[in-house]
Amino acid sequence: MKVLVIGGGGREHALAWALRKSPQVTEVICAPGNGGITQLARCIPVDSGNLHEMVNIVAIEQPALTVIGPELPLSVGLVDELTRRGYRVFGPTQDAAQLETSKAFAKEFMQRNDIPTAAYALCTSLNEVRGELPRFSVPVVVKASGLAAGKGVVICNTHLEAEETAAEMLSGALLGTPETEVVLEEFLTGEELSFFALCDGTHAVEIASAQDHKRVGEGDTGPNTGGMGAYSTDGIATPAMRQWLLRNIAQKVVDGMRSEGDPFKGILFCGIMMTPRGPMVLEFNTRFGDPETEAILLRLETDIVDLFNASIDGTANHLTIRMRPGASVCVIAASGGYPGKYSSGKAITGLPTNANQAEDVVVFHSGTAIRDGQLVTSGGRVLAVSTVAPDLQTALNKAYAELAKISFEGMQFRRDIGHRALSQERP
């Protein structure tokens, strides 16, 4: 079967890599793809926010299955339009994707459906922000309600800072486009956990858990990014906790969306804070996370096509999802200056070829391009060096050994991915 992957980052490279391993897949196409994905798939230029362009590619290529990687195509209704035209497509509808595309919708949905989350206030004006802020102790979290590429969450240490941040979001000064609504939220403390479930409109089935590293600097310092690395291990959550998260969060989401007339199909990414009061939802994503996917898919032993088909056909409850024991990690190599201003077009050297690729090490491309025959940087997050091993320390050693071979001007990466788990393992 021919499969089309929509997107062009590290997540989509990992999806294409997993699809190529499936005996059911004869060809993978990616739109738009990137410099690394060209090694696995035929890449077709497309604006992933342009519904007409994406639908046109599907009509021309006639894939047996279309898999949507990023959130933007979901937000413009690609699943709805492809489904209306009779194509098989993996991902939620535009309305169901509001769990991610509107933080305001997600917070109100959780309140309606008794899903644990932080106290919050929704504000559409600066006057509302000023009126609500006294309810919150500091630090207070200010979130853009709409899509912000992982950069729409600011932790503010004073009410004045929160007011100024909200003003910048509402005016467009912070994110480039004005927000119509911002969310003020109680600051939660604890360990973060990313919990992934496969959903088919009726059932939620656990895939795996991981932990992302959002801050750009080591020791979890500096501004938030789209993610500087992630790890996934057998022991990241106990079996009892995973069942609790599945029953009390993921399945409640599926039940609630179905009862409200918007059945949720696809991947539900639950961003959880393990607080002293119990697990609480920070956010939902309605697609595979990035960079968690680059780690998790290295552990996935079940044919990924079976996951996609079960979601589309409503048979996820009959699927057994098998994960490789041990640990996997992903370490992001980013451009200098990221998540602020950075330069692109820097030549990349030291990448492994297929002939000398180390065992259980895969370098996924997040922001690369081919220019004049040379692989160059084309984004903030450039490479996702991913490894799998029997234990976390071995996986990390492999990843950092691979990173030591790679170079581009301004390259930065965190050297402490997995530090929380490692500190817990030490006596």
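Residue positions are given per chain, counting from 1 as you read along its sequence in written order. Thresholds applied to this predicted model are a pLDDT of at least 70 for local features of residues and 80 or more for the giving and counting of side-chain atom pairs; totals over whole chains, interfaces and linings are not thresholded and use all residues. Calculated side-chain values reflect all of the structure's heavy atoms, with hydrogen atoms and water omitted.

(A) Structural detail: helix α10 (residues 292-299). For α10, the buried fraction is high: 8 of the 8 residues fall into the buried class. Here the term buried applies to any residue with accessible area under 20% of the maximum for its type, exposed to any over 50%, and partly exposed to those in between, with areas from a 1.4 Å probe on protein chains only. Note on conventions: DSSP H or I runs of at least 4 residues are helices, E runs of at least 2 residues are strands, and numbering of each starts at the N terminus. Among all positions in α10, only Glu 292, Thr 293, Glu 294, Ala 295, Ile 296, Leu 297, Leu 298 and Arg 299 are buried.

(B) Quick look at the sheet that holds strand β6 (residues 120-123). If you trace the 4 strands from one edge of the open sheet to the other, you get β6-β9-β7-β8, paired in antiparallel fashion. Each of the sheet's edge strands pairs with one partner strand only, and the pair in question is β6 and β8 (153-156). For this sheet the average axis-to-axis angle between neighbouring strands, irrespective of direction, equals 20°. If DSSP finds at least two bridges between two strands, the strands pair. Sheet topology places strand β7 (residues 140-144) next to strand β9 (residues 182-186); 5 bridges connect them, and they run antiparallel. What sits directly across from Val 140, in β9, is Glu 186. Note on definitions: a residue-residue contact is assigned when non-hydrogen atoms from the two residues lie within 4.5 Å. Note on definitions: angles span 0 to 180 degrees between N-to-C directions of axes, and those axes are lines fitted to C-alpha atoms, for helices only across the stretch in contact. Against the sheet, helix α8 (residues 159-171) makes contact with β7, β8 and β9, and its axis sits at roughly 0° relative to β7, the strand it touches most.

(C) Fine view of the nonpolar core. The definition of a nonpolar core used throughout is a set of buried Ala, Val, Leu, Ile, Met, Phe, Trp, Tyr and Cys residues joined through side-chain atoms within 4.5 Å. If you look at the biggest cluster of nonpolar residues, it comprises 50 residues, and the most contacted ones within it are Leu 19, Leu 198, Ile 207, Ile 304, Phe 308 and Ile 321. Apart from residues lying up to four places away in sequence, Ile 304 is in contact with Leu 15, Ala 18, Leu 19 and Leu 297. Listed in part, the 26 residues of the second largest apolar core include Met 110, Phe 195, Cys 199 and Ile 272.

(D) Spotlight on the packing of helix α1 (residues 10-21) against α10. Across the interface, α1 lies against α10 with an axial gap of 8 Å and an inter-helix angle of 15°. Here α1 lies roughly parallel to α10, going by the angle between them. Where α1 crosses over α10, the two elements pack in a sense that is left-handed. Here α1 contributes Gly 10, Arg 11, Ala 14, Leu 15, Trp 17 and Ala 18 to the contact with α10, which in turn contributes Thr 293, Glu 294, Leu 297 and Leu 298. Put simply, Ala, Val, Leu, Ile, Met, Phe, Trp, Tyr, Cys and Pro go in the nonpolar bin, Asp, Glu, Lys and Arg in the charged bin, and everything else, Gly too, in the polar bin. The residue inventory of the contact of α1 with α10, partitioned by class, reads 6 nonpolar, 2 polar and 2 charged. Roughly parallel means an angle under 35 degrees; roughly antiparallel means over 145; roughly perpendicular covers 65 to 115; every other angle is labelled oblique. In this scheme the crossing of two helices becomes right-handed for a clockwise turn of the near helix relative to the far one and left-handed for an anticlockwise turn of less than a right angle.

(E) Geometry of the sheet that holds strand β11 (residues 204-212). Spatial ordering of the open sheet is given by β16-β15-β10-β11-β14-β17-β21-β18, a layout of 8 strands whose pairing is antiparallel. Lying at the two open borders of the sheet, with one neighbouring strand each, are β16 (278-285) and β18 (361-365). Averaged over neighbouring strand pairs, the angle between their axes works out to 25° when direction is ignored. Pairing of β11 with strand β14 (residues 229-233), which is carried by 2 bridges, proceeds in the antiparallel orientation. Counterpart to Gln 211 in the pairing with β14 is Tyr 231. Against the sheet, helix α9 (residues 239-259) engages β10 (191-200), β11, β15 (265-275) and β16, with an angle of about 115° to β11.

(F) Looking closely at the environment of Asn 309. By secondary structure assignment, the location of Asn 309 is in helix α11 (residues 304-313). Remark: the alpha-carbon pair of Asn 309 and Phe 284, spanning 25 residues in sequence, is separated by 22 Å. Among all residues touching Asn 309, those that are not within four sequence positions of it are Gln 24, Arg 88 and Thr 315.

(G) Layout of unusual backbone geometry. Of the consecutive residues Ala 31 and Pro 32, the connecting peptide bond is found in the cis state with omega at 5°. Positionally, Pro 32 belongs in strand β2 (residues 27-32). The step from Val 138 to Pro 139 runs through a cis peptide bond, and the omega angle for that step is 0°. Looking at the secondary structure, you find Pro 139 in the loop between α7 (126-132) and β7. One non-glycine residue, Asp 220, lies in the positive phi region at around 55°. Structurally, Asp 220 is set in the loop between β12 (215-217) and β13 (221-224).

(H) Local environment of α11. Within α11, 8 of the 10 residues are buried, leaving the element largely enclosed by the surrounding structure. Among the residues of α11, those classed as buried are Ile 304, Val 305, Leu 307, Phe 308, Asn 309, Ala 310, Ser 311 and Ile 312. Throughout this description, a polar contact denotes any pair of N or O atoms lying within 3.5 Å of each other; where both atoms belong to protein, one of them has to be capable of donating a hydrogen while the other can accept it, and for residues adjacent in sequence the pair is counted only when both atoms sit in side chains. Its side-chain oxygen 2.9 Å from the backbone nitrogen of Val 305, Asp 303 forms the N-cap of α11. After α11 finishes, the residue Gly 314 shows a positive phi value of roughly 80°.

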